[in-house]
Amino acid sequence: MVFPRRPCLRLAPFLALAFLAALGAWAEAPAPTATATATVQAAWKAGDSRALKVSQYRSRSRQDKVLSSSSGQYDVDITVKEQDGDGYLLEWRYSNVKSANSAGNALADRIAGLSEGLTASYRTAPDGAFDRLENWEEIQARLFKAVDLILEETGAGANPQVTAALAQVKGIYRTRQSIEQLALKEVQLFHALYGGEYTLGDPLTLDTQLANFIGGDPFPAVLSYEMTDYSPDAGTCRIKIEQVVDAEAARTNIRDFLARTAKALGKAEPTEADIPQIAIKDLTEFSVDLRLGWITRVVQVREVRSADMVQVDRMEIEGQ
């Protein structure tokens, strides 16, 4: 769960990083035809389970000088609750939620604690591709409670500008689709490969569009898929995905968002000079057990460059 800082037009690069860091959507991979191919699909039955550990790290730097860093981790238990002709019903349960930088910070501990024991109930297609989140309103309520905690514990509720800014945060999480893509980005990432057929040593590149939950047009992007290792005897493979967001479209969407934020806060709209250039690139590598139909490891590194600032987010999901 990521909550942006108080909007400030002079810190436009920070705002760009904060919101675009949450950006995420995957296009379905078309099925290439070749001999050395592997199809990633579920092979589960009701009652199956999987234990995972999720680790996250974020750093922000300017001109190679680290300005801030944070990390955290939590455990996940995935349980297959139902299986039928329409697909699967799964539960993704959070536990042992820890932030490396929360020691002594009661508010950070309380916000992290809101995720403890939280269970995302969602459905997939028969091949394991993510379909929809069932209990999105419950998860939305937890997110809103975290925002309210910030207002309550920091006294920010007395500042109408901060209140307006956090109201915009709530607005971003107003729909099931935004909850699925932003609050459950780890779940989306874990299921990103399912339903696709991948060819060894034959990269596939395609254009796609990413949902824009801060308002405005979608973000055009280019996706590149490649199976880098395949062992038919062991029933395993490795797949790499690169994603690059169109820089000019990202800049336009940020400009529109900052203009709306300025209006809500009673500030002057940003000039063209206030709008940073944006570069967003993801590199994600997957290890797959094709026989059991489980992803065994995912490592994603996202780099967001905004003016002279760089934010790097690393996420690792690994079976225990």
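Right, let's walk through the structure included here. (Residues numbered from 1 in each chain as written. Predicted model: local features only at pLDDT ≥ 70, side-chain atom pairs only at ≥ 80, totals over all residues. Heavy atoms only, no water.)

### Observations concerning the sheet that holds strand β6 (residues 130-133)
This is how the line gets drawn: Following DSSP output, two strands are said to pair if at least two bridges run between them. Secondary structure is summarised from DSSP: a helix means a run of H or I of at least four residues, a strand means a run of E of at least two, and numbering begins at the N terminus for each. To define axes, lines are fitted to C-alpha atoms, for helices over the stretch in contact only, and angles between the resulting N-to-C directions are given on a 0 to 180 degree scale.
Pairing in this open sheet of 11 strands is antiparallel, and the strands run β6-β5-β4-β3-β2-β13-β12-β11-β10-β9-β8 from one edge to the other. Taken across any chain shown, the strands that pair with only one partner, and hence form the sheet edges, are β6 and β8 (204-210). On average, each strand axis in the sheet is tilted by 20 degrees relative to the strand beside it, whichever way the strands run. In terms of strand pairing, strand β5 (residues 119-124) meets β6 through three bridges, oriented antiparallel. Paired with arginine 123 across the two strands is arginine 132, which belongs to β6.

### Things to note about the environment of glycine 196
Of note, glycine 196 is situated in the loop between α6 (185-190) and β7 (197-199). Counting along the chain gives 69 residues from glycine 196 to aspartate 127, while the straight-line C-alpha distance between them is 8.9 Å.

### Regarding the pairing of β5
Note the following rule: Between buried and exposed lies partly exposed: a residue is buried under 20% and exposed over 50% of the maximum accessible area for its type, with that area taken using a 1.4 Å probe on protein chains only.
Buried residues dominate β5, accounting for five of its six residues. Note: strand β4 (residues 87-99) against β5, six bridges, orientation antiparallel. From the neighbouring strand, tyrosine 88 faces β5, where its bridge partner is threonine 124. Between β5 and β6, which pair antiparallel and follow one another directly, the connecting turn spans five residues, one of which, glycine 128, has a positive phi of 100 degrees.

### Observations regarding the packing of aromatic side chains
Selection rule: Centres within 6.5 Å are what make two rings of Phe, Tyr or Trp a pair, Trp counting through its six-membered ring; a difference in plane orientation under 30 degrees is then read as stacked, over 60 as edge-to-face, and the rest as tilted. Geometrically, a lysine NZ or arginine CZ counts as sitting over a ring once it is within 6 Å of the ring centre and also within 35 degrees of the ring normal.
Taken as a whole, this structure holds eight aromatic pairs when the rule is applied. With a centroid separation of 5.8 Å and 70 degrees between ring planes, the pair formed by tryptophan 92 and phenylalanine 190 is classed as edge-to-face. Of this pair, tryptophan 92 sits in strand β4 while phenylalanine 190 sits in helix α6, placing them 98 residues apart in sequence. Per residue, the accessibility class of tryptophan 92 equals that of phenylalanine 190, and both read buried. Site record: aromatic cluster; members linked through ring pairs are Trp44, Tyr88, Trp92, Phe190, Tyr194 and Trp294. In this structure, lysine 170 packs its charged tip against the face of phenylalanine 144, placed 5.3 Å from the ring centre.

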